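Structural characterization, general
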Amino acid sequence: MCGSSRIFGMSTKPIALTSQQLRLLAVLALINFVNFAARQVLIPLVPFLRDHLHATDAQLGSLQTWMLVVLAIASFPFGYLADRFSRKAIIAVGIFCWSIASFAGGLFSTFLYFLIARSLVGLGEAAYAPAAQSMISGAFPQERRAFAQAIFAAGMLLGGASGLVLGGVLGPRYGWQSALFVVAALGILPGMALLGIAEPPRGPRSEVVPILRLLSVPAFVAMIAAGVCITFSSVSLISWGVDFAVNYKDFTVREASVSLAAVTLLSLVLGVLAGGYFADRLHRMFSYGRIVAVAVAFLLATPFLLLAIQSEEKSTVLIGFFGASFFMSWYHGPVTAVLHDMMPRRAHATSIGVYMFTTQLLGGLGPHIIGKISDLHDLQVGLQIAVAVMVCGALLMLLVIHFIRRDGLRHPILDAFHAEPGD
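Residues numbered from 1 in each chain as written. Predicted model: local features only at pLDDT ≥ 70, side-chain atom pairs only at ≥ 80, totals over all residues. Heavy atoms only, no water.

Right, let's get into the environment of leucine 120. Looking at where leucine 120 falls in the secondary structure, it is placed in helix 6 (residues 111-120). Apart from residues no more than four positions distant in its own chain, leucine 120 is found in contact with Cys97 and Ala101. (Helix = DSSP H or I, 4+ residues; strand = E, 2+ residues; numbered from the N terminus. Contact = heavy atoms within 4.5 Å.)

Okay, structure coming up:
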């Protein structure tokens, strides 16, 4: 245990990162990359699916919604198991699930069967995300936690952008099924890379925290409420972004997929790394500094989103999405770091599982609701509503700050458990 602790940097003193830490982070970021490529490849395929499956916008929106529902429900047990059993084994299960589900989706030509296949893609993220994030926080010192989680999230953002390009290029030329087959085959790469990494150490099983005890922490509950709003808005904007550009801004499917991916790719990567960096800097000054970074970033993203939605010029639309993507991507690293800062190591995966269960289950209704608004009224109005919900999420982060200032970053109700080695 002592040797493993030195390898993975469990000390809270600033130390140079080791090759083992960097390798672990690179492999887990690769897994995040491939999973989100499989998840986002569907977005530019929406116009083809509308014709092939004879689906309404509400039905097409439900593809993302039901995938997030499955992700949410499965996150709860997978997070629970990841704090008790092998995290590598659970991640391997996730890779298998999303690869098989992606491949199966390309075989179906009826909406119901396609919906079932796409929903099961959510099992992949549900299995690997809590376990992977727990491994990262266990491998890196606390003061670098947000930046390490931000690099992991960068894999997600790069993968999502690559999925958009892949679907936008392959769909019109080779058929929408080809894009699903390709992302299914890509699942082999992270599966092989996973074999060569070691699990970081974690606390004894006596540190496992009952779920009801976790839900007794007010700051944790407030973060969940904020996360529901943020998830609702972000997945709605992502799900309908390409279709909105095609039908409202005169982009072609290929043009929308490639240009939006290219413009947002740089902003997302810069944003998630900037968010992790500044959040860690603010954390050194205030116990709630990472939450301040997230709240401010979402408020700064709002005018850029409104600019993109309301502008008629293609260049202005892309500028708006660039600015919005930069600030919205600040969220990923700091939020995971704060959740882990609050909890003992043996509750890291469980807390993420509970967080994902609620935010994805409720926030995942966003694409379907926005699609319904599009059917009844107008997609532009629906996206403006999504922006308003995002602002509510940013304001709820202020409530998280209040509870942390009142109760401390580690609530007294968890005093019976060890939050960090050496505390």
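A few words on the layout of surface pockets. Its boundaries defined by the atoms lining it, the largest pocket holds a volume of some 180 Å³. Residue assignment for the lining of the largest pocket shows that the elements contributing at least two residues are helix 2 (19-40), helix 8 (145-174) and helix 13 (253-285). Among the elements that make up the lining of the largest pocket, the one with the highest residue count is helix 13 (four residues). Residue composition of the lining of the largest pocket, by class: eight nonpolar, no polar and five charged. (1 Å grid on protein atoms, 1.4 Å probe; cavity = no way out; pocket = protein on both sides within 12 Å on 5 of 7 lines; lining within 4 Å. Points joined across faces, edges and corners; volume = space filled by probe spheres on them. Nonpolar A, V, L, I, M, F, W, Y, C, P; charged D, E, K, R; others polar.)

In this section: helix 18 (residues 366-376). Those residues of helix 18 lying buried are Gly366, Pro367, Ile370, Gly371, Ile373 and Ser374. When helix 18 is viewed along its axis, its buried side chains cluster within an angular range of 155 degrees and face the same direction. Buried residues along helix 18 sit in contact with helix 4 (57-82), helix 12 (218-248), helix 17 (348-363) and helix 19 (379-407). (Buried < 20%, exposed > 50% of the residue type's maximum accessible area, 1.4 Å probe, protein only. Arc of directions from axis to C-beta.)

Inspection of the entire model under this criterion finds three cavities of 30 Å³ or more. Its volume calculated, the largest cavity comes out at about 1,000 Å³. The calculated volume of the second largest cavity comes to roughly 70 Å³. Lining the second largest cavity, in full, are Leu42, Ile43, Val46, Leu60, Gly61, Leu63, Gln64, Ser239 and Trp240. Class assignment for the residues of the lining of the second largest cavity results in six nonpolar, three polar and no charged.

Here the focus is the environment of alanine 386. For alanine 386, the location among the structural elements is in helix 19. Given a relative accessible area of 0%, alanine 386 falls into the buried group. Sequence separation between alanine 386 and valine 183 is 203 residues, and the spatial gap between their C-alpha atoms is 29 Å. Beyond its immediate chain neighbours, meaning those up to four positions away, alanine 386 contacts Phe232, Ser233, Ser236, Leu237 and Ile370.

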